[in-house]
Amino acid sequence: MGRDRFLPRHRVGIPIASSTPLVLEAVCLTLPSTAGPVEILRGVDLTVASGETVAIIGPSGSGKSSLLSIAAGLETPTSGKAILFDTNLAGLGEDGRARLRRGRAALVFQSFHLLPNMTAEENVAAPLELAHRKDATTEARAWLDRVGLSSRRTHYPHQLSGGEQQRVALARALAVRPELLFADEPTGNLDGANGALVADLLFDLVSETGAALVLVTHDVRLAERADRTVRMKDGRIDAAESAT
Ligand SMILES: Nc1ncnc2c1ncn2[C@@H]1O[C@H](COP(=O)(O)OP(=O)(O)OP(=O)(O)O)[C@@H](O)[C@H]1O
Ligand SMILES: [Mg+2]
């Protein structure tokens, strides 16, 4: 397969989206617990520009995953706004959010979330089919090839190693050529060598497809590869620093 498939959007004639992938304004999240309400997010502002890569770091419990859930429209803020592709998520129901994400935003989690009853190839093809892309199977094979798993395409997730499963998850997320990729600790369950392989693939593929990236990680060296690092502490952005 030619490498031109993976050139940035503008070089393959795909128009670069004019919308801002993500804007969070004064996002707060308070959830009930047996010990009373817990303030998980306390006023977070964050804008991610088209093609920009942003790493979110910070201690365990500081609200990184909660922020990602709100940004992706999987959770609703208690107050404040989450605006995905210029659309306020508050105005959409669950189906509307799923439609807005389809083909435009993708997620990769720490545990791989592959569908257990589908082969690697079927897992990658599924979102392509949902987005009505032609040749979903051919595309899925090309992406499995890209992540070095051509020989594993008929394997089920339980027949794959953790690193292989995460590479399938990356292929599945990026095959639809999303404008925005959310990744929550995508190397967190992998050993050093596999983690490095997945990290390299993640940044290579994001750069090749021109996707914006919001990456939650504990790994400072991984965060340094992003255009910008945002540090969270106690549900707030502690300091924002540019890594470039
Ligand atoms: N459903 C819930 N109800 C009450 N509290 C919750 C709920 N989900 C998360 N929390 C609390 O919110 C805080 C932030 O959780 P979150 O998962 O966002 O942290 P995190 O920064 O991603 O941590 P880690 O690095 O360990 O993944 C934690 O103190 C957690 O206990
Ligand atoms: Mg987390």
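Fair warning: this is a prediction, and the values are worked out from it, not measured in the lab.

## Examining the overall build of the protein chain
- Scanning the protein chain from N- to C-terminus turns up seven helices and ten strands.
- Relative to a compact globule of 244 residues, whose C-alpha radius of gyration would be 18 Å, the protein chain shows 18 Å and is just as compact.
- Once the C-alpha set of the protein chain is aligned to its principal axes, its extents read approximately 50 × 40 × 40 Å.
- Each of the 244 residues in the protein chain was classed as buried or not, and the buried ones make up 49%.
- Expressed as a percentage of contacts within the protein chain between residues at least 6 apart in sequence, the contacts between residues at least 24 apart total 70%.
- Of note, the protein chain has its 27 positive side-chain charges centred 3 Å away from the centre of its 29 negative side-chain charges.

## Remarks on the pattern of salt bridges
- Under the criterion given, the structure shown has seven salt bridges.
- One salt bridge connects Glu179 with Arg104, and the closest N-O pair in it is separated by 2.8 Å. With Glu179 in the loop between α5 (162-175) and β7 (180-184) and Arg104 in the loop between α2 (94-101) and β6 (105-108), this residue pair connects regions lying 75 residues apart in the sequence.
- Salt bridges sharing common partners tie together Glu121, Arg141 and Arg153.

## Digging into the site of ligand 1
- Neighbouring ligand 1 are the residues Leu31, Pro32, Ile40, Pro59, Ser60, Gly61, Ser62, Gly63, Lys64, Ser65, Ser66 and His218.
- At a separation of 2.5 Å, an oxygen atom of ligand 1 approaches a polar side-chain atom of Ser60.
- One of the side-chain N or O atoms of Ser66 is found 2.5 Å from an oxygen atom in ligand 1.
- Here ligand 1 loses 58% of its free accessible area of 640 Å² to cover by the protein chains.
- The leading source of residues in the shell around ligand 1 is helix α1 (residues 64-71), at three residues.
- Here the residues of the shell around ligand 1 sort into four nonpolar, seven polar and one charged.

## Some points on the packing of aromatic side chains
- One pass over the full model with this rule turns up zero aromatic pairs.
- One residue, Arg104, lies across the ring of Phe85, its end atom 4.1 Å from the ring centre.

## As for the nonpolar core
- Of all hydrophobic cores here, the largest spans 36 residues; its most connected members are Val124, Val168, Leu181, Leu202 and Leu213.
- Of all the elements in the fold, those that place two or more residues in this core are β6, α3 (120-130), α4 (136-146), α5, β7, α6 (192-209) and β8 (212-216).
- Residues within four places of Val168 in sequence aside, it is in contact with Leu114, Ala120, Asn123, Val124, Leu144, Leu149 and Leu160.
- Within the second largest apolar cluster, 29 residues are counted, among which are Leu22, Leu67, Ala71 and Leu100.

## Concerning the layout of surface pockets
- Of the pockets and cavities examined, the largest pocket occupies roughly 580 Å³.
- Around the largest pocket sit 19 residues that line it, and Ala105, Ala106, Leu107, Pro127 and Leu130 are the ones nearest its centre.
- Of all the secondary-structure elements, those providing two or more residues to the lining of the largest pocket are α2, β6, α3 and α5.
- Of all the elements, α3 adds the most residues to the lining of the largest pocket, at four residues.
- Taken together, the residues of the lining of the largest pocket sort by class into 13 nonpolar, three polar and three charged.

## Some points on α3
- Looking only at α3, the buried set comprises Ala120, Glu121, Asn123, Val124, Ala125, Ala126 and Leu128.
- The inward-facing, buried residues of α3 contact α4 and α5.
- His132 sits one or two positions beyond α3 and adopts a positive phi of about 55°.

## Observations concerning the environment of Gly61
- Assignment of secondary structure puts Gly61 in the loop between β3 (53-57) and α1.
- Taking the C-alpha atoms as reference, Gly61 lies 27 Å from Ala193; in sequence the two are 132 residues apart.

How each quantity is defined
- Counting restarts for each chain: residues are numbered from 1 in the order of the written sequence.
- Labels follow written order: the first chain is A, the first ligand is 1, and so on.
- Given that the model is predicted, a residue must reach a pLDDT of at least 70 before its local features are reported, and side-chain atom pairs must reach 80 or more before they are shown or counted; all residues, however, enter totals for whole chains, interfaces and linings.
- Derived side-chain values reflect all non-hydrogen atoms in the structure, with water molecules and hydrogen atoms excluded from consideration.
- Comment: elements are numbered from the N terminus, with helices defined as DSSP H or I runs of at least four residues and strands as E runs of at least two.
- The globule rule used here is 2.2 Å times the number of residues to the 0.38 power, and the radius of gyration it is set against is calculated over C-alpha atoms.
- Each residue is assigned to one of three classes by its accessible area relative to the maximum for its type, calculated with a 1.4 Å probe on protein chains only: buried under 20%, partly exposed between the two thresholds, exposed over 50%.
- Contacts between residues were defined by any pair of non-hydrogen atoms, one from each residue, lying within 4.5 Å.
- Think of it this way: Lys and Arg go in the positive column, Asp and Glu in the negative one, and His and the chain ends go nowhere.
- Every charge is mapped onto a representative atom, which is NZ of Lys, CZ of Arg, CG of Asp or CD of Glu.
- Definition used for salt bridges: Asp or Glu carboxyl oxygen within 4 Å of a side-chain nitrogen of Lys or Arg.
- Only a single heavy atom is needed: when it lies within 4 Å of a molecule or strand, its residue is near that molecule or strand.
- A 3.5 Å cut-off defines polar contacts: any pair of N or O atoms within that distance qualifies, except that in protein one atom must be a possible hydrogen donor and the other a possible acceptor, and neighbouring residues in sequence count only when both atoms are side-chain atoms.
- Per-residue and other accessible areas were derived by the Shrake-Rupley procedure at a 1.4 Å probe size, with only the shown protein chains allowed to occlude residues.
- Three residue categories are used. Nonpolar comprises Ala, Val, Leu, Ile, Met, Phe, Trp, Tyr, Cys and Pro, charged comprises Asp, Glu, Lys and Arg, and polar comprises the others, including Gly.
- Two aromatic rings from Phe, Tyr or Trp, using only the six-membered ring of Trp, form a pair when their centres are within 6.5 Å; if the ring planes differ by under 30 degrees the pair is stacked, by over 60 it is edge-to-face, and anything between is tilted.
- Only when the NZ of Lys or the CZ of Arg is both within 6 Å of the ring centre and within 35 degrees of the ring normal is a charge said to sit over the ring.
- For the purposes of this section, nonpolar cores are sets of buried Ala, Val, Leu, Ile, Met, Phe, Trp, Tyr and Cys residues that join through side-chain atoms within 4.5 Å.
- Buried and open spaces are told apart on a 1 Å grid over the protein atoms alone, a cavity being a set of points where a 1.4 Å probe fits but cannot get out and a pocket being an open set with protein on both sides within 12 Å along at least five of seven lines. Residues with an atom within 4 Å of a point are the lining residues.
- Grid points are joined across faces, edges and corners, and a volume is the space filled by probe spheres set on the points.

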